[in-house]
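This is what each chain is made of:
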Amino acid sequence: MKTYSIALIPGDGIGIAVADAAWKVLEAASRKWKFELRATSFPWSCAFYQQTGAMMPEDGIATLRGFDAILLGAVGWPAEVSDSVSLHGLLLPIRKAFVQYANIRPHRLLPGVEGPLKSRDFDILCIRENTEGEYSGAGGRVHVGTPDEVAVETSIFTRNGVERILRFGFEQARLRRRKLASVTKSNAQKFSMVFWDEITDKLASEYPDVEVKNYHIDAMAARMVMAPESLDVVVASNLFGDILTDLGAAIQGGLGFAASANINPDRSAPSMFEPVHGSAPDIAHLGIANPIAAIWSAAMMLDHLGEPAAAADIIASIEKATTGGIGIKPGNNKTHEITEAVLAALA
Ligand code: IPM
Ligand code: MN
């Protein structure tokens, strides 16, 4: 029997409940589809930070490297630990260290789920650059606390980084409806974004079967609301992709439905799977977190690991649950009820 070793990082807030829900579904899928999942759980979180002074141990990255994949709930508890500390201490270093350069986020309405738009027939795959750009972390502050204080934060775009994410987008488009939207702001940002557009144009000639369009980020934000059905694969830089995928989550009915995969396409290190939503401290103890985003992310993990039938089965089970009305209105169902509905559909 095939065995996969999974590092489980539930994290903070509702991350703990949704990771638990996703794991229950994964276990059921593994029994049904006859493979073995071995979980090792790591308590790395803001609570861990308060005990140890770090979000993860010094050898955290080295420890994770040995796993086939990482399943993460959510990170952040801003009342106790500032977000800039918690995210730069756990989530963001994992994405960078394991070269998970492709962040994949599907946006479509599940059956039964009401979105805020009239349009129901959209199916967008956002692909966000996940290791550089605006999240490079290059910068500093001088004259701190004085009126002369200066803060500089430089976006870094490399030819390798831009080319590989666009190429990934083109390849995904080939598996879908062969349409690629490349998102920049090259009318205002004349170095990095013009560079991105040039690389898009160059690659387009290698993929003549894919229809390519360049959009500015502002126009893309409007298009995702006004004409989301016109989009197929959308590729964007780290920050632009971050913003667009919260918009994508909104049009699919909310963050509780938005799944995400941080992929290392070369498979030189583990990939990480996590819902797009955060730790949601405001509802953390109410038992009403929607686990669908986490369960869908877990399905993406199985697909990546080489269990596409089990992955498709989980997604079909989520759809069966939402068709039956479960989990479609925020707060209407308890986390465990939604999880049980998915498990029942899977059985
Ligand atoms: C996301 C989140 C993170 C990001 C935060 C928590 C740093 O918003 O995964 O979209 O910006 O990447
Ligand atoms: Mn985000």
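Along every chain, residues carry numbers that run from 1 in the direction the sequence is written. Lettering for chains starts from A, numbering for ligands starts from 1, and both go in the order in which the items are written. pLDDT decides what is reported in this predicted model: residues at 70 or higher carry local features, side-chain atom pairs at 80 or more are listed and counted, and totals for whole chains, interfaces and linings draw on all residues regardless. Each side-chain value is derived from all of the structure's non-hydrogen atoms; neither hydrogens nor water enter the calculation.

## Regarding the overall build of the chain
- Each helix corresponds to a stretch of at least 4 residues labelled H or I by DSSP, and each strand to a stretch of at least 2 residues labelled E; elements are numbered beginning at the N terminus. Across its full length, the chain holds 12 helices and 12 strands.
- Relative to the 2.2 N^0.38 estimate, which gives 20 Å for 347 residues, the radius of gyration of the chain is 20 Å and therefore close to what a compact globule would have.
- For the C-alpha atoms alone, the extent of the chain along its principal axes is close to 55 × 50 × 40 Å.
- Three exposure classes are used, based on accessible area relative to the maximum for each residue type with a 1.4 Å probe and protein chains only: buried under 20%, partly exposed in between, and exposed over 50%. Put simply, the chain has 347 residues, and 53% of those count as buried.
- All accessible-area figures derive from a Shrake-Rupley calculation using a 1.4 Å probe, and residue coverage is judged against the displayed protein chains alone. On the chain, roughly 15,000 Å² of surface is accessible, and the fraction owed to carbon and sulfur atoms is 55%. What the globule rule says is 2.2 Å times the number of residues to the power 0.38, and the radius of gyration is computed from C-alpha atoms.

## Some points on helix H12 (residues 335–346)
- Each residue after the first adds 1.5 Å to the expected span of a helix. Over its 12 residues, H12 extends 17 Å from the first C-alpha to the last, a length consistent with the 16 Å expected when each residue adds 1.5 Å.
- Buried residues of H12: Thr335, Ile338, Thr339, Val342, Ala345 and Leu346, and no others. On an axial view of H12, the arc spanned by its buried residues comes to 125 degrees, and they lie on one face.
- On its buried face, H12 is in contact with helix H1 (14–33), helix H10 (292–305) and helix H11 (308–323). Each C-beta atom gives one direction from the helix axis, and the arc is the one those directions make. Two residues form a contact once any of their heavy atoms are found within 4.5 Å.

## Structural notes on the environment of Ile9
- As for its position among the elements, Ile9 is in strand E1 (residues 3–11).
- In sequence terms Ile9 and Met301 are 292 residues apart; their C-alpha atoms lie 14 Å from each other.
- Non-local contacts of Ile9, meaning those with residues more than four positions away in its chain, are made with Phe42, Trp44, Leu64, Ile70, Leu71, Leu72, Gly73, Leu90 and Ile94.

## Topic: the side chain of Glu163
- Inspection of the secondary structure puts Glu163 in helix H6 (residues 159–174).
- Taking the relative accessible area as the measure of exposure, Glu163 reaches 17% and is therefore buried.
- With residues near it in sequence (within four places) discarded, Glu163 still touches Ile199, Lys202 and Leu203.

## As for the sheet that holds strand E8 (residues 179–184)
- The strand order E2-E1-E3-E12-E11-E4-E5-E10-E8-E9 describes an open sheet built from 10 strands, whose pairing is mixed. In the strand order of this sheet, the two ends are held by strand E2 (36–41) and strand E9 (211–216), each with one partner. On average, each strand axis in the sheet is inclined to that of its neighbour by 25 degrees, with strand direction left out of account.
- Two strands form a pair only when DSSP identifies at least two bridges running between them. With 5 bridges joining them, E1 and strand E3 (residues 69–74) adopt parallel strand pairing. Its bridge partner lying in E3, Ile9 is registered against Leu72.
- Where helix H8 (residues 217–226) meets the sheet, its contacts fall on strand E5 (123–129), E8, E9 and strand E10 (233–236), and the angle it forms with E9 comes to roughly 110 degrees.
- Helix axes use the C-alpha atoms of the stretch in contact, all axes being lines fitted to C-alpha atoms, and the angles between their N-to-C directions lie in the range 0 to 180 degrees. The strands touched by H10 within the sheet are E1, E2, E3, strand E4 (102–108), strand E11 (261–263) and strand E12 (271–273), with E12 carrying the most contacts at an inclination of about 155 degrees.

## Looking at the layout of surface pockets
- As defined here, a cavity is a set of points on a 1 Å grid over the protein atoms alone where a 1.4 Å probe fits but cannot get out. A pocket is an open set with protein on both sides within 12 Å along at least five of seven lines, and residues line them when an atom is within 4 Å of a point. Grid points are joined across faces, edges and corners, and a volume is the space filled by probe spheres set on the points. Roughly 560 Å³ of volume is contained in the largest pocket.
- Lining the largest pocket are 23 residues, with Ile104, Leu125, Gln172, Met300 and Asp303 sitting closest to its centre.
- Within the residue set of the lining of the largest pocket, elements represented by two or more residues are E4, E5, E11, H10 and H11.
- Residue contributions to the lining of the largest pocket peak at 5 residues, all from H10.
- Its residues placed into classes, the lining of the largest pocket shows 15 nonpolar, 2 polar and 6 charged.
- The split of the chain into domains comes from an automatic or database domain assignment. When residues of the lining of the largest pocket are sorted by domain, at least three fall in each of domain 1 (1–105 + 252–347) and domain 2 (116–250).
- Of the pockets and cavities examined, the second largest pocket occupies roughly 470 Å³. Amino acids are sorted into nonpolar (Ala, Val, Leu, Ile, Met, Phe, Trp, Tyr, Cys and Pro), charged (Asp, Glu, Lys and Arg) and polar (every other residue, Gly among them).

## A closer look at the site of ligand 1
- Residues are classed as near a molecule or strand on a simple rule: at least one heavy atom within 4 Å of it. For ligand 1, the full set of nearby residues is Leu87, Arg95, Arg105, Arg128, Tyr135 and Asp242.
- What qualifies as a polar contact is a pair of N or O atoms within 3.5 Å, subject to a donor-acceptor requirement within protein and to the restriction that residues adjacent in sequence count only when both atoms come from side chains. Arg95 has a polar side-chain atom sitting 2.7 Å from an oxygen atom of ligand 1.
- Side-chain polar atom of Asp242 to an oxygen atom of ligand 1: 2.9 Å apart, as the coordinates give it.
- Compared with its free state, where it exposes 320 Å², ligand 1 has 76% of that area covered by protein.

## Quick notes on the domain arrangement of the chain
- When its domains are assigned, the chain resolves into domain 1 (1–105 + 252–347) and domain 2 (116–250).
- When each unit is reduced to the centre of its C-alpha atoms, the spacing between domain 1 and domain 2 is 24 Å.
- Contacts between the two partners involve 18 residues from domain 1, matched on the other side by 22 residues from domain 2.
- As a working definition, buried area equals the accessible area (1.4 Å probe) given up by two parts on being put together, with both sides summed. Between domain 1 and domain 2 the total buried area reaches about 1,600 Å² when both faces are included, carbon and sulfur atoms providing 57% of it.
- In terms of surface lost to domain 2, no three residues of domain 1 exceed Lys96, Tyr101 and Arg105, which account for 41% of the buried area on that side.
- Between Lys or Arg on one side and Asp or Glu on the other, a salt bridge is scored when a side-chain nitrogen of the former is within 4 Å of a carboxyl oxygen of the latter. Our enumeration of links across domain 1 and domain 2 arrives at 0 salt bridges.
- Across the contact surface, domain 1 and domain 2 share 14 residue pairs in polar contact (both at pLDDT 80 or more).
- With 4 residues, the top contributor of residues to the side of domain 1 that touches domain 2 is E4.

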